[in-house]
There are 2 protein chains.
Amino acid sequence: MKLKAAAEIGISAVHVKLPRTATENEVMHRVMEVNEDSKIHGLIVQLPLDSVHTINTERIINSVAPEKDVDGLTSINAGKLARGDLGDCFIPCTPNGCMELIKQTGETNTSRFRSGFCHCNSLFVHFSLYSDVTISRSCVPKPIECLAKEVGLFSDEVELYGRTKAKVQLKTIDRLQAQPDGKYVVVTGITPTPLGEGKSTTTVGLVQALGAHLKLNAFACVRQPSQGPTFGIKGGAAGGGYSQVIPMEEFNLHLTGDIHAITAANNLVAAAIDARMFHEATQSDKALFNRLVPLTEGQRKFSPVQISRLEKLGIKKTDPSMLTEEEITRFVRLDIDPESITWQRVLDTNDRFLRKITIGQSPTEKGFTRTAQFDITVASEIMAVLALTTSLADMKERLAKMVVATSRSGQPVTTEDLGVCGALTVLMRDAIKPNLMQTLEGNPVFVHAGPFANIAHGNSSILADKIALKLVGPQGFVVTEAGFGADIGMEKFFNIKCRNSGLKPHVVVLVATVRALKMHGGGPTVTAGTPLAKEYIEENLVLLEAGCSNMRKQVENAQLFGVPVVVAVNAFKTDTKAELDLICKLAKEAGAFDAVHCSHWADGGAGAADLARAVQKAADLPNSFKFLYDVELPIVDKIRIIAQKIYGADDIELLPEAQHKVELYSKQGFASLPICMAKTHLSLSHDAEKKGVPTGFVLPIRDIRASVGAGFLYPLVGTMPTIPGLPTRPCFYDIDLDTESGEVHGLF
Amino acid sequence: MKLKAAAEIGISAVHVKLPRTATENEVMHRVMEVNEDSKIHGLIVQLPLDSVHTINTERIINSVAPEKDVDGLTSINAGKLARGDLGDCFIPCTPNGCMELIKQTGETNTSRFRSGFCHCNSLFVHFSLYSDVTISRSCVPKPIECLAKEVGLFSDEVELYGRTKAKVQLKTIDRLQAQPDGKYVVVTGITPTPLGEGKSTTTVGLVQALGAHLKLNAFACVRQPSQGPTFGIKGGAAGGGYSQVIPMEEFNLHLTGDIHAITAANNLVAAAIDARMFHEATQSDKALFNRLVPLTEGQRKFSPVQISRLEKLGIKKTDPSMLTEEEITRFVRLDIDPESITWQRVLDTNDRFLRKITIGQSPTEKGFTRTAQFDITVASEIMAVLALTTSLADMKERLAKMVVATSRSGQPVTTEDLGVCGALTVLMRDAIKPNLMQTLEGNPVFVHAGPFANIAHGNSSILADKIALKLVGPQGFVVTEAGFGADIGMEKFFNIKCRNSGLKPHVVVLVATVRALKMHGGGPTVTAGTPLAKEYIEENLVLLEAGCSNMRKQVENAQLFGVPVVVAVNAFKTDTKAELDLICKLAKEAGAFDAVHCSHWADGGAGAADLARAVQKAADLPNSFKFLYDVELPIVDKIRIIAQKIYGADDIELLPEAQHKVELYSKQGFASLPICMAKTHLSLSHDAEKKGVPTGFVLPIRDIRASVGAGFLYPLVGTMPTIPGLPTRPCFYDIDLDTESGEVHGLF
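Residues numbered from 1 in each chain as written. Chains lettered and ligands numbered in written order. Predicted model: local features only at pLDDT ≥ 70, side-chain atom pairs only at ≥ 80, totals over all residues. Heavy atoms only, no water.

- If you check an unreviewed UniProt entry, chain A appears there as C-1-tetrahydrofolate synthase, cytoplasmic from Cyprinus carpio.
- Check the Subunit (unreviewed entry) section of the UniProt entry for chain A; it says "Homodimer."
- Quoted straight from UniProt, the Pathway (unreviewed entry) entry for chain A says "One-carbon metabolism; tetrahydrofolate interconversion." (UniProt positions renumbered as here; feature names shortened; annotations may be inferred.)

Things to note about helix H23 (residues 609-619) of chain A
So, point 1. Those residues of H23(A) not exposed but buried are Ala609(A), Leu611(A), Ala612(A), Ala614(A), Val615(A), Ala618(A) and Ala619(A).
So, point 2. Against strand E5 (183-189), helix H7 (199-212), strand E19 (477-481), strand E20 (507-512), strand E21 (565-570) and strand E22 (594-598) of chain A lie the buried residues of H23(A). (Buried < 20%, exposed > 50% of the residue type's maximum accessible area, 1.4 Å probe, protein only. Helix = DSSP H or I, 4+ residues; strand = E, 2+ residues; numbered from the N terminus. Contact = heavy atoms within 4.5 Å.)

What to know about the relation of the copies chain A and chain B
So, point 1. In the superposition of chain A on chain B (RMSD 0.1 Å, axial shift 0.0 Å), the rotation amounts to 180°. Accordingly, the operation relating the two chain copies is best matched by a two-fold axis.
So, point 2. Comparing contact sets, 99% of the residues at the interface of chain A also lie at the interface in chain B, consistent with an isologous, same-surface contact. (Least-squares fit on C-alpha atoms with pLDDT ≥ 70 in both.)

Things to note about the interface of chain A and chain B
So, point 1. Across the contact, 98 residues belong to chain A and 97 residues belong to chain B.
So, point 2. Where chain A abuts chain B, roughly 8,800 Å² becomes buried across the two surfaces, and 61% of that area is made up of carbon and sulfur atoms.
So, point 3. Among the residues of chain A in contact with chain B, Phe353(A), Thr728(A) and Tyr733(A) are the three that bury the most area, contributing 9% of the side total.
So, point 4. Counting every contact that joins chain A to chain B gives 10 salt bridges. (Buried area = accessible area lost by both parts, 1.4 Å probe. Salt bridge = Lys/Arg side-chain N within 4 Å of Asp/Glu carboxyl O.)

What about the packing of aromatic side chains?
So, point 1. According to the stated counting rule, one finds 30 aromatic pairs over all chains in the structure shown.
So, point 2. With centroids separated by 5.9 Å and ring planes inclined at 75°, the aromatic side chains of Phe353(A) and Phe278(B) adopt a geometry described as edge-to-face. Of the two residues, Phe353(A) is situated in the loop between strand E11 (345-347) and strand E12 (357-359) and Phe278(B) in helix H10 (residues 258-282); the pairing between them involves two chains.
So, point 3. Residue class for Phe278(B) comes out buried when judged on its relative accessible area of 5%.
So, point 4. Residues Phe374(A) and Phe374(B) carry aromatic rings whose centres are separated by 5.2 Å and whose planes lie at 5° to one another, so their mutual orientation is stacked. In this pair, Phe374(A) is assigned in strand E14 (residues 374-376) and Phe374(B) in strand E14 (residues 374-376), connecting two distinct chains.
So, point 5. A residue is classified by how much of its surface remains accessible, and Phe374(B), at 0% relative accessible area, is buried.
So, point 6. One aromatic cluster is present, built from ring pairs that chain together Tyr184(A), Phe493(A), Phe494(A), Phe561(A), Phe625(A) and Phe627(A). (Phe/Tyr/Trp six-rings, centres within 6.5 Å; stacked < 30°, edge-to-face > 60°.)

Things to note about unusual backbone geometry
So, point 1. Along the chain, Ile246(A) connects to Pro247(A) via a cis peptide bond; the corresponding omega equals -10°.
So, point 2. With respect to the secondary-structure elements, Pro247(A) resides in the loop between strand E8 (243-246) and helix H9 (248-252).
So, point 3. Of note in this structure, Leu255(A) is not a glycine but carries a positive phi near 50°.
So, point 4. For His254(B), which is not glycine, the phi torsion reads 65° and is therefore positive.
So, point 5. Positionally, His254(B) belongs in the loop between helix H9 (248-252) and H10.

Here's the deal with the pattern of salt bridges
Residue and element names in this part refer to chain B.
So, point 1. Going through the model one piece at a time under the given rule, you end up with 80 salt bridges over all chains.
So, point 2. Notably, a salt bridge pairs Arg309 with Asp417, separated by 3.1 Å at the nearest N-O pair. Taken as a pair, Arg309 in helix H12 (residues 304-312) and Asp417 in the loop between strand E16 (412-414) and helix H16 (421-427) lie far apart in primary sequence, 108 residues in all.
So, point 3. In this structure Arg309 comes out as buried when scored by relative accessible area, which is 8%.
So, point 4. On the basis of relative accessible area, Asp417 is assigned to the buried category, the value being 4%.

Details of the nonpolar core
So, point 1. Of all hydrophobic cores here, the largest spans 429 residues; its most connected members are Met551(A), Val567(A), Met551(B) and Val567(B).
So, point 2. Other than its neighbours up to four places away in sequence, Met551(A) contacts Ile190(A), Leu510(A), Ala512(A), Leu517(A), Val567(A), Ile583(A), Leu586(A) and Ala587(A). (Core = buried A, V, L, I, M, F, W, Y, C linked by side-chain atoms within 4.5 Å.)

Concerning the side chain of Ser460(A)
All names here are of chain A.
So, point 1. Residue placement: Ser460 occurs in the loop between strand E18 (444-447) and helix H17 (462-472).
So, point 2. According to the relative accessible area criterion, Ser460 is buried, its value standing at 1%.
So, point 3. A polar contact is formed between the side chain of Ser460 and the side chain of Thr480, at a distance of 3.2 Å.
So, point 4. Apart from the residues lying within four places of it in its own chain, the contact partners of Ser460 are Cys221, Val222, Arg223, Ala387, His448, Ala449, Asp465, Thr480, Glu481 and Lys497. (Polar contact = N/O pair within 3.5 Å; in protein donor to acceptor, adjacent residues only side chain to side chain.)

With respect to the side chain of Thr414(B)
Residues and elements named next belong to chain B.
So, point 1. In this structure, Thr414 sits in strand E16.
So, point 2. Among the polar contacts listed, one links the side chain of Thr414 to the side chain of Lys312, at a separation of 3.3 Å.
So, point 3. For Thr414, the contacting residues outside a window of four places in its chain are Lys312, Ala400, Lys401, Met402 and Val403.

Digging into the packing of H17(A) against helix H18 (residues 486-501) of chain A
Residue and element names in this part refer to chain A.
So, point 1. One can describe the packing of H17 onto H18 by two numbers: an axis separation of 10 Å at closest approach and a directional angle of 60°. Between H17 and H18, the interaxial angle falls into the category oblique. Crossing geometry of H17 relative to H18 is assigned as right-handed. Across the interface between the two elements, Ile462, Asp465 and Lys466 from H17 touch Lys497, Asn500 and Ser501 from H18.
So, point 2. Looking at the contact of H17 with H18 residue by residue, the classes come out as 1 nonpolar, 2 polar and 3 charged. (Axes fitted to C-alpha atoms, helices over the stretch in contact; angles between N-to-C directions. Parallel < 35°, antiparallel > 145°, perpendicular 65-115°, else oblique. Left-handed = near helix turned anticlockwise from the far one by under 90°. Nonpolar A, V, L, I, M, F, W, Y, C, P; charged D, E, K, R; others polar.)

Structure representation (structure tokens):
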């Protein structure tokens, strides 16, 4: 069956699965059949693990016709075969060797992919329109432990999660300490339409090109998508067409449970806050103390987290019996001001009815009700912590200093005060390990962390980037993606992520599309779910040229950080050559080091080969990376610098609540945190309707919040929806599972 | 380090971890050292996978002193070594051979464990009081793929999740179809105190005894615990002392994400319900239709799930343009009666403030607010479906027919009507595979599903039991646990779980404790978190004898189903021999086939050897298993039979709401579902205060709900709290992670 299916969709490599009962001759016979089938360009022999003692494996391997031979197999002899749990396939034990799918030959035009360390899956590209999930399935993924070996990971650094996903342990960084980092590339974009302009697809396509065409070590680092949109309206985020992370259903659903762990951790904090307020409101100091520090075998003892709180309160005692009445009161009462609570509950579901709720209405809560809300899980500060942390110890510290509210006396209340920080670290101990997957062409991908791009910084994890930079080596490339347009995702990548990691980026890839630029030039509104106006599907150089102002501004924004820019023009099939050429011309005039057409969606890595070459050249340019502002500047100055230099605002205006927070956070000692602007991504300004390059506006700052654990302040420009809703007909209408084949339908 | 630590806590087996750079001679030298260390009773040689070509493995294996030799290693030769990713250890490829820890010898008293197919971890038992987590860590778990091989699973039937957990694919059942099932044992208990009487511990201890002492193939099947209590007051549920599932932190936290998948699936349904009501309330029929069946490339098409709904409505059309106005209205309007919604949102967190909430208060929801609630995730119907399903196709059907509300015209509204059922199946496609772990002594354990024991049936999954029964073979034993006391968990096990699975149980193990029986005899109230009264720590045969009435009644309850009963007296260190003997005497008088003392908490499997022998004998008795009632009886009669025969009630009383539901469900065609009583587990009656054997009471039925997908009706006896709260000092105060060693502290 697999054989037929694969041949039908033009896939060159075929697995010959054999019944567990197959005799040696039956195996031989099957191989002979495949040898004579001209539709099949190669095969991989798979034998049940249990049969390796009863079958002469060499005889079978040697029976494969040379032109069908699976690369790497003939070079080994049965004695050297590893018989691990690698999907029962044969694995050559040569240092970097691995099972590999045979390459397409003859009439089809896919060249032979090979990179420094990464054997790529073969890929048969053609222009019929398969859905992303069909394409994703059309390519048989390498067993993930093969990929892990290819990228130089040791087996005891890898934890398998099924056959196509693995977690990589952090000790890898220590082992490779001495090894110089590779080149660091960030993919960003112009101000997008609501449909998105293909940053993820470009990230994957670029890595496929670097690895398969330039034969360089290349690693993609992308965000884990929220499950909410997957079932809502937007769909998945594995990239698209022939530039995807596979299997896309594994990528889009659950992955290895990191987001679920965050939901559990975040909501434990939320439950602890309300429960603590309830118990403080219903008990005397003495009763609280006796419960918080219970008698066990006749004596009371503080737990370590309680000692930490005492130290914070300036109480240098470790014997509970020595506390004075007044010290007991200060110790047991967090005295949270309900109005000041900034910690929200989260779900990874598009549930608009949880945007504003009243909790505590059951009689058991004795009337202690309050207004609260749910956010989408990726908006949790814990997700931002996961993305910005640099080690397990660092994560533990960050999780302990997260501020959830302010006491009535104006003191910040942390998860440590609640005694819950240790449990948070325990809940997050697996989530901190980056997840290894692969591209459609078999390149390595780290999928790790996916912080909300508006109220958080919208970049994948520092730890994944660091491990990848070590693994690829000095000549290799790590391509990471920053959410939204360059004014948001890239600015936060530089000023927040790089400031935390100490890593220096070599190249900015700015993704531009004809569609988005025409919109900036004055084209009709673009809305998800409704067909595009004709301006977008017919050539229109006037609209396009006008709209390129937005690209020019975003190129300038990148240059403010002293990093060379390559513009990637992500071509759609309705774009004309004249349109694509115009963009490239104007991009170079705007100061881009280079600008090239890309067709990786339709062509896979081959479609991004020119981009890869341009990026490689740009990476060798002298690089004067610098931050946009000094964190020691006053909060207001930092906000103004971003507003004026990046957004082009005349000035900023602090509304009273924001003004109050500036004073509060300065008093609480959080003034020197970097700034994470929460602004619409659909305009350089705060008004999503203003396209192109808005000017002459004052940026209103409604409020400012602090993510002290993650390490940034986030000014709210306008109101930010923090949990999406479901449309009348959500994606899930088309999503189903074939219970026979186990295949997932309808994901995109 | 590991060496020292292990020796200190008296563990016999030692891993000799070698630096990746170790030369052959350095390895030899290290082995010699260990040979001469009398504290060490055995070792396992581990070499980096990458070194196998540079080191003469046979020379090293042969250098291990015979008395230190790791069982199974000498019998193999390097040529036959499998070099998979098994923690870099050597695995003999003999059919059932596997890496095994060396046995304790000399002064310590642990005998040599071996079972038909399962090599057991050695275990050094002593009476100093280590915490459960310390004991759990003290025994090095076998690589889970070794255990999988031992129990006869093929490598392509196993999906690894790290090194100590694996998912087992359902195709295993088909492969073993012809194989006769093993013996099926259910562990239940007398009416417990709030502290629990040790059913899980007994389940694990019994399997350790059957496997290690009686040398029988034995498999434990237990529930996955909710994470809520783990951080609340109750703690974990991996068993305890020297009868545990290890690693207990993996068991108690996340596991492989099954409960998280249920949270995601359950809440997608909840979001779909409110979003659908919102869209129906704000759009015309035409607008709804145009959105539900959108124009794509000029034409409208129904998705398969919409066709199903049309069929349900009796509309035999597949062309959207052919629907009449009236048909369109019926198709697009689910017309849910908000008052009738029985589907709640869930979280796996003890968050009491979500017991009753008001949702939809954000302006974006235009005033469509309503009262709702969150339950703990394990109370979700989807968890009950997971536990009761018998195949992937069956799960898909059950998930599609779950009823979430009633329409204003009285029709049941299902997840299929919402179009979300396919997405649910996709979200649950991995959760349906049972999770393989191991006991402290290395026996196999399936951890799968953990439905709430009051509003659901409180038993682990049918699929895990079925696979285990095939794997152990006709002479082997599968021990599964039923939640709460025999009046609840066991009754539901027989009448609901066995009715669904068609499996016939051979033995009931009824766990009794001196503590609980004294309580039933009139002892002081037992409360979690407060010290026990002296009646419970001093001998008191009068209280005890009086309390044994409860045990007698529960023994009789088991016999109503025609299955032999063995009473396991779970001994605590304060119990006296006279007390334990009295219970055994009275148990046999009550009709138990046998009654024995157990000390598996302190002694591991050795402490349950007598119990194992009694169970083995009982399993060979003639067995006349029968259900308590015929599902075709009227709803009220089924409830009355359970109330009178199991609880000892005089009669039942249906309150108006319950009366109404009886009529509704009969009209809707759900009358022939079995009954899942939602009653307190702290008394045979509906009043938790009534201990012993209450008589002369009428059982009030407040309301009745339907879990149509899971396949039962659940009458509510009194009010059931469906989400616990956090105490003033939750467990999480003591939970922490050592970021150096990665060890978890404070779990219990």
